[in-house]
Amino acid sequence: MKTPIYFSHEIRQLEQLARESGISDLMERAGMAAAELARELLAGKTSVLVIAGPGNNGGDALVAARHLKAWWFKVNIVFIGETAKLPPDAANALQAWLAIGGELLDAIPADGKWDMVIDGLFGIGLARELSGRYLELVREINRMNLPVLALDIPSGLDADAGQTFRAAIHASHTLSFIALKPGLLTAYGPDYCGQIHVDTLELDAPALLKPNGWLLEKTEVAAALKPRPRNSHKGMLGSVGILGGASAMCGAALLAGRAALKLGAGRVYAALLADAAPAVDIGQPELMLCAPEKLFQLDHLNCLAVGPGLGQSPQAVQLLRQALETELPLVLDADALNLLAIHDDMQELTKSRKGSTILTPHSAEAARLLSSTTHDIQQERVHSATLIAQRLNCLVVLKGAGSICATPKGEWFVNPTGNPGMSSAGMGDVLSGMIAALIAQRLTPQSALLLAVYLHGAAADDWVEQGVGPIGLTATEVADAARMLLNRWIYSPVA
Ligand SMILES: NC(=O)C1=CN([C@@H]2O[C@H](COP(=O)(O)OP(=O)(O)OC[C@H]3O[C@@H](n4cnc5c(N)ncnc54)[C@H](O)[C@@H]3O)[C@@H](O)[C@H]2O)[C@@H](O)CC1
Ligand SMILES: [K+]
C-alpha cells in the first residue's frame, strides 16, 4: 500500500469529511493511539510528563494522559493556556481528566523525574513564531534530554514546510495522526521528528480525499526494474551521454559517467568541453570520452545528462540549446539549470519538448529558476518543486534533506532516504548519471527519477550504517553502494 502525504489544510478537510460521515471521536482515537505507543516505548518504565497546549493537540495529550493514568503510570500534566478557551473536544478531554482525579500544573516542577515526555503543546494549528512561556517551555523540554513522544508533530515545527517557528521540540518519536505531513519529512523535519509513526485513526484517507503527495518507498520504486534476461546485450541496456566537464570541472562529468556505468547503462559516453580534456578516463576506462560535437552525431543515445561541470561559456549555451532541440530524454543539472534560468528561449524550448526533461536543482538553483530566494524555496519546498515542474513541463527533483520529486501533473513525492554525508561535492553529478542510466534501461523517466533519488539516499545510508560517513562520505562511494543495493533489491529481494 502506498503511503499518502497531506498538507495540514487537507488534514483539516479529512477531519471535516470524517465528521460529516458521522465520526466524532477522532480525538479519543488519537489519544488512545498515543497512550498505546507511549506504553510500548516506556517498556516497563513508569513515569511520564505530559505537556498540553491550548488547542486540540493539547486535547490529544489529555486523552493520552487519562489512559496512562488508568493503566497505573505516574502522570504529571503541565498545561499552558486558558482552560476556558479550549476548543470543545479538548475541553471535554480536560473534564474527563479532572473527573478521574487528574490535576494540571502550570510549570514543570524543578525536582521532578520522568522517563518520558509527551509533547502535546502544538500540532498543525501552530500559526506563528513561538514566544514567551511557550518558547521557554520548548527550550526547557529540550534541555531535559529525555525521550520525547511528539503528538502529531514536534511542537514548533511547521507541518507543511518543515521549518521551525523559532524553536521546536526535539522528539525521539513522532506519532502523526491520520497521515504524514510534508513538514515531518523535509527541510528540518527529519532533524526534529526522530522515528516517525503514523496512526490513521481508522480513516481511509485516500478514499476520502485524493492525495497529491506520496512517500517514496523501496517496494514501490524498486518494482520498476526487472531482472535482465540471460540473453541480453549492451544495446538492450541503452546508451547514456554526459555533456559537461569544462576546464577545471572534468571530474563532475566523469563522476556522472561512472555512476551511469555502475547503474547498468550498456554504453556511456562523456563529452567534455575542456580544451585539455583527457582522452581516456584512466580510473574508469570503460567510459568513452569524446568531443561534444561527436555526442550529437551518435544515433543510439537513449538519454543525455547535461550540466555536470558544464560551465556557462558560449559553447555551453550553444550545446545546451542543441540538447534541448533533440527529442532525447534529458537530465539537466548544475550549470544547465543556471543557463536555463537566464535564457527565456531555452525555457520555451523546454516546455514544448517531445522528449522528457528532468531537472535536478538544489535550493539555490531552484531559486534561480523561479526568480526567488533560497530562503523562500526552503520555506515552500513542495510548492517550489511542483511550480517548476508545471511551469517548465518537466519532472523535477528539488534536492536537500527530504528531496521533493514533482511532476507536471501536480503529483509530488518526498524521499525519506539520505543523510548529511551527502552534503559533499559530486553527489549531484552521481545522481544525474544514475537517473540517465535508468532511463537508458527503458524505465519511464518518472520511474527512473523516483528510483534513482531513493536509491542515491539509501546508498549513502548504507555506508553510514557501516560506519563510513556521514563524515567524509564520497560521491564515488555512493555510486558503488547504489550498484550493490540495486543488484540486491532486484536479484535477492528478500535480503
Ligand atoms: N485535524 C484532525 O483531524 C485532528 C486533530 N487532532 C489534533 O488537533 C491538532 C490541531 O488542533 P488545533 O487546530 O486546535 O491546533 P493546535 O492544538 O496545534 O494549536 C492551536 C492553538 O494554538 C494557538 N497558537 C498557534 N500558534 C501559537 C503560538 N505561536 N503561540 C501561542 N499560541 C499559538 C492557537 O491560537 C490555538 O489556540 C492536530 O495537530 C492534532 O494533534 C486530533 O485530535 C485528531 C484529529
Ligand atoms: K506536538
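Keep in mind it's a predicted model, so treat the numbers as computed, not measured.

1. Quick word on the coordination of the potassium ion (ligand 2)
Ligation of the potassium ion (ligand 2) by protein atoms is provided by N57 (OD1), D119 (O), F122 (O), L151 (O), I153 (O) and S155 (OG), these donors lying 2.6 to 3.1 Å from the ion. Relative to the metal, the six donor atoms surrounding the potassium ion (ligand 2) lie at angles of 66 to 171°, and the coordination shape comes out irregular. Positions of the donor residues of the potassium ion (ligand 2), expressed as sequence spacing, correspond to N-x61-D-x2-F-x28-L-x1-I-x1-S. On the criterion of sequence distance, the pair formed by D119 in strand β4 (residues 116–120) and I153 in the loop between β5 (148–151) and β6 (173–177) is long-range, its members being 34 residues apart. You can call D119 buried: its relative accessible area is 0%. Classification of I153 by relative accessible area gives buried; the value is 0%.

2. Quick look at the pattern of salt bridges
For the structure shown, the criterion picks out 12 salt bridges. The salt bridge partner of R19 is D89, with a shortest N-O separation of 3.1 Å. Placement of the pair is R19 in helix α1 (residues 8–20) and D89 in helix α4 (residues 88–99), with a sequence separation of 70 residues. Take D89: its relative accessible area is 25%, and that puts it in the partly exposed class. Taken together, the shared-partner salt bridges in this structure form one network comprising E15, R19 and D89.

3. Looking at the environment of G241
Structurally, G241 is set in strand β9 (residues 239–244). Expressed as a C-alpha distance, the spacing of G241 and A64, which sit 177 residues apart in the sequence, is 57 Å. Dropping the residues within four chain positions of it, G241 is found in contact with Y269, L295, L301, C303, L304 and A305.

4. So, the packing of helix α9 (residues 250–262) against helix α17 (residues 427–440)
At a closest axis distance of 7 Å, the pairing of α9 and α17 adopts a crossing angle of 40°. On the basis of their axis angle, the class for α9 and α17 is oblique. For the element pair α9 and α17, the recorded crossing hand is right-handed. Facing α9, whose interface residues are A252, L255, A256, A259 and A260, α17 presents D429, V430, G433, M434 and A437. Of the residues in the contact of α9 with α17, the class split is eight nonpolar, one polar and one charged.

5. A word on the domain arrangement of the chain
Under the domain assignment used here, the chain contains domain 1 (4–207) and domain 2 (218–491). Measuring from the centre of the C-alpha atoms in domain 1 to the corresponding centre in domain 2 gives 40 Å. Roughly 780 Å² of surface becomes buried between domain 1 and domain 2 when both sides are summed, with 66% attributable to carbon and sulfur atoms. Our enumeration of links across domain 1 and domain 2 arrives at zero salt bridges.

About the criteria used
Residues numbered from 1 in each chain as written. Chains lettered and ligands numbered in written order. Predicted model: local features only at pLDDT ≥ 70, side-chain atom pairs only at ≥ 80, totals over all residues. Heavy atoms only, no water. Donors = N, O, S within 2.8 Å, 3.2 Å for Na, K, Ca; no water. Tetrahedral: all angles 85-135°; square planar, octahedral: opposite > 155°, others 65-115°. Helix = DSSP H or I, 4+ residues; strand = E, 2+ residues; numbered from the N terminus. Buried < 20%, exposed > 50% of the residue type's maximum accessible area, 1.4 Å probe, protein only. Salt bridge = Lys/Arg side-chain N within 4 Å of Asp/Glu carboxyl O. Contact = heavy atoms within 4.5 Å. Axes fitted to C-alpha atoms, helices over the stretch in contact; angles between N-to-C directions. Parallel < 35°, antiparallel > 145°, perpendicular 65-115°, else oblique. Left-handed = near helix turned anticlockwise from the far one by under 90°. Nonpolar A, V, L, I, M, F, W, Y, C, P; charged D, E, K, R; others polar. Domains from an automatic or database assignment. Buried area = accessible area lost by both parts, 1.4 Å probe.

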